[in-house]
Amino acid sequence: MSVSPLVQAVRRFPNPRLTGLGSGLFCAASMFALACLIQLLFGASLVVYGVLFLPVCVLTAVWVRRADLVTAVVAVPIAFAVGLLPIADSEGGFGGRLMGLVTALAMHAGWLYGGTLLAGVIVTVRKARMMTRKAAQRRRAA
């Protein structure tokens, strides 16, 4: 049976297994670092930030260990907000920074919802496959 090119590409990824906290830190640190890089290269382009958010969501959902699958879906939106801090428009002071962050979240919620949905679908498929394997093992053992 032939394996699809997508499955072959996914198999070539490194296979780290992050804990719930580790996946949250990975996602938040990645988004913050990417936002700083976007600020330097693209002048705070939120569209570029949103596009780069999607692969980070996929990697977070793929690399979280099986026992902590739900945390990937929780960590992704938090990381999106953390990453917006360097590139959100601000008029000075804490209030201006907060208003810029809320505005950026409202204006680019599509990227946030899309990335969270993507992570949720991956986590759901992983959980379903895990449950199917366990059921098959139980049937074989019985």
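So, here's what we can say about the structure. (Residues numbered from 1 in each chain as written. Predicted model: local features only at pLDDT ≥ 70, side-chain atom pairs only at ≥ 80, totals over all residues. Heavy atoms only, no water.)

**Quick notes on the packing of helix α3 (residues 46-63) against helix α6 (residues 109-141)**
If you want to describe how two helices pack, look at the angle between their axes and the distance between the axes. Between α3 and α6, the shortest axis-to-axis distance is 9 Å and the interhelical angle comes to 15°. Taken as axis vectors, α3 and α6 run roughly parallel relative to one another. By crossing handedness, the relation of α3 to α6 is classed as right-handed. Facing α3, whose interface residues are Leu-46, Val-47, Gly-50, Val-51, Phe-53, Leu-54, Cys-57, Val-58, Ala-61, Val-62 and Trp-63, α6 presents Trp-111, Leu-112, Gly-114, Gly-115, Leu-118, Ala-119, Ile-122, Val-123 and Arg-126. (Axes fitted to C-alpha atoms, helices over the stretch in contact; angles between N-to-C directions. Helix = DSSP H or I, 4+ residues; strand = E, 2+ residues; numbered from the N terminus. Parallel < 35°, antiparallel > 145°, perpendicular 65-115°, else oblique. Left-handed = near helix turned anticlockwise from the far one by under 90°. Contact = heavy atoms within 4.5 Å.)

**Observations concerning the environment of Ala-79**
Assignment of secondary structure puts Ala-79 in helix α4 (residues 69-84). Leave out the neighbours within four places in its chain, and Ala-79 touches Cys-27, Ala-28, Met-31 and Tyr-49.

**Looking at α4**
Along α4, the sharpest kink reaches roughly 30°, centred on Ala-75 and followed within four residues by the proline Pro-77. What α4 keeps buried is the set Leu-69, Ala-72, Ala-75, Val-76, Ala-79, Phe-80, Gly-83 and Leu-84. At its buried positions, α4 is contacted by α2 (20-42), α3, α5 (93-107) and α6. (Bend = angle between axes of the 7 residues up to and from the residue. Buried < 20%, exposed > 50% of the residue type's maximum accessible area, 1.4 Å probe, protein only.)

**Describing the pattern of salt bridges**
Should the charged atoms of two oppositely charged side chains come close, the side chains can pair. Counted under the stated rule, the structure contains one salt bridge. Asp-68 is the partner of Arg-65 in a salt bridge, and the nearest nitrogen-oxygen pair spans 2.7 Å. Owing to a relative accessible area of 15%, Asp-68 belongs among the buried residues under this scheme. (Salt bridge = Lys/Arg side-chain N within 4 Å of Asp/Glu carboxyl O.)

**Description of a nonpolar patch on the surface**
Together, Leu-37, Leu-40, Leu-41 and Phe-42 line one region of the surface with nonpolar side chains, adding up to about 470 Å² of accessible area. Here Leu-40 falls in the exposed class, since its relative accessible area comes to 71%. (Patch = residues over 30% accessible without salt bridge, like charges linked within 9 Å, V, L, I, M, F, W, Y side chains within 5 Å. Areas by Shrake-Rupley, 256 points an atom, 1.4 Å probe, with all protein chains shown as cover.)

**Thoughts on the side chain of Thr-116**
As for its placement among the helices and strands, Thr-116 is situated in helix α6. Only 2.8 Å separates the side chain of Thr-116 from the backbone oxygen of Leu-112, close enough to count as a polar contact. Contacts of Thr-116, omitting those with residues within four sequence positions, involve Val-73, Val-76 and Pro-77. (Polar contact = N/O pair within 3.5 Å; in protein donor to acceptor, adjacent residues only side chain to side chain.)

**Quick word on the packing of aromatic side chains**
Centre distance and the angle of the planes are the two values used to describe a pair of aromatic rings. Taken as a whole and assessed by the stated rule, the structure comprises three aromatic pairs. Plain terms: the ring middles of Phe-26 and Trp-63 are 5.4 Å apart, the flat faces sit at 55° to each other, and that makes the pair tilted. Of the two residues, Phe-26 sits in helix α2 while Trp-63 sits in helix α3, which places them 37 residues apart along the sequence. Among the residues examined, Phe-26 registers a relative accessible area of 23% and is labelled partly exposed. (Phe/Tyr/Trp six-rings, centres within 6.5 Å; stacked < 30°, edge-to-face > 60°.)

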